[in-house]
Amino acid sequence: MSVANDIALAVAARAANIQIANGFETDIGLKVLRGRRRLDKTHLPCVVVIERDDQVLDTRNASVKLSQPFVIEGHMVCDPDNPNDTAHKIIADIKQVMFGDRLTYGADQKLLPIKYVGRSIAVREDGIEVVSAAVEIAVEYVDALATP
């Protein structure tokens with residue numbers, strides 16, 4: 001397909017490892033959705049991988065070096081009085097899975113440089129029993145424009 005798609009698949013596959021059976025604090029990796037925005041309780045717990053607009057870092061002829069930001073969101077049921085407790089577990093799990101091992105992509109398992117951009121906990125109304133938290137990362141790669 002494309003290098004961008006291979007990288008997005010690698011990020012999603014990595015997020016799928018977030019399961020209590022694998023030593024994590026949550027099971028958000030049981031369902032990984034690429035780009036889905038609207039969720040209902042049937043989707044929970046889950047991870048949503050969002051691809052942001054890439055940024056051109058350098059251009060050489062028909063190749064560009066890109067920084068591709070991803071937002072990895074975790075969504076799950078929580079204690080409605082203390083949602084941040086669950087949000088911090090989500091954040092810790094996402095950080096651990098993304099930075100615990102080297103990230104590779106594609107059939108030849110090319111190494112992918114990954115940078116931490118930040119984290120967030122979604123604003124929600126008190127008493128709602130679902131929380132979402134996210135970690136933003138950026139990966140850098142070279143894209144051959146004529147053969148993406």
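Up top you'll find the structure we're talking about.
Reference entry: report on the structure contained in this document. (Residues numbered from 1 in each chain as written. Predicted model: local features only at pLDDT ≥ 70, side-chain atom pairs only at ≥ 80, totals over all residues. Heavy atoms only, no water.)

## Regarding the overall build of the protein chain
Moving on, step 1. Looking only at helices and strands, the protein chain has two helices and eight strands in total.
Moving on, step 2. Mapped from its N terminus to its C terminus, the protein chain presents α and β elements in the order α-β-β-β-β-α-β-β-β-β.
Moving on, step 3. Dimensions of the protein chain along its principal axes, counting C-alpha atoms only, are 55 × 30 × 25 Å.
Moving on, step 4. Looking at the protein chain as a whole, 41% of its 148 residues are labelled buried.
Moving on, step 5. When contacts within the protein chain are restricted to residue pairs at least 6 apart in sequence, long-range pairs at least 24 apart make up 58% of them.
Moving on, step 6. In the form shown here, the protein chain has an accessible surface area of approximately 8300 Å², with 48% of it arising from carbon and sulfur atoms.
Moving on, step 7. Across the protein chain, the mean location of the 17 positive side-chain charges is 3 Å away from that of the 21 negative side-chain charges. (Helix = DSSP H or I, 4+ residues; strand = E, 2+ residues; numbered from the N terminus. Buried < 20%, exposed > 50% of the residue type's maximum accessible area, 1.4 Å probe, protein only. Contact = heavy atoms within 4.5 Å. Areas by Shrake-Rupley, 256 points an atom, 1.4 Å probe, with all protein chains shown as cover. Lys, Arg positive; Asp, Glu negative; His and termini not counted. Charge placed at Lys NZ, Arg CZ, Asp CG, Glu CD.)

## Comments concerning helix H1 (residues 3-15)
It helps to recall that an α-helix has 3.6 residues per turn; residues three or four apart then point in one direction.
Moving on, step 1. Spanning 13 residues, H1 covers 19 Å between terminal C-alpha atoms, matching the ideal 18 Å at 1.5 Å per step.
Moving on, step 2. Burial in H1 covers these residues: Val3, Asn5, Ile7, Ala8, Ala10, Val11, Ala12, Arg14 and Ala15.
Moving on, step 3. Buried residues in H1 make contact with strand S1 (32-34), strand S2 (46-51), strand S4 (63-77), helix H2 (83-99), strand S5 (104-105) and strand S8 (130-144). (Expected span 1.5 Å × (residues − 1).)

## What about the pairing of S4?
Moving on, step 1. Burial runs high along S4: 12 of the 15 residues are buried.
Moving on, step 2. In the sheet, S2 pairs with S4 via six bridges, with the strands oriented antiparallel. The partner of Cys46 across the bridge, within S4, is His75.
Moving on, step 3. The turn linking strand S3 (residues 55-60) back onto S4 is made up of two residues, and Asn61 within it adopts a positive phi angle of 55 degrees.
Moving on, step 4. Here 15 bridges tie S4 to S8, and the two strands are oriented antiparallel to one another. From the neighbouring strand, His75 faces S8, where its bridge partner is Ser132. (Pairing = 2+ DSSP bridges.)

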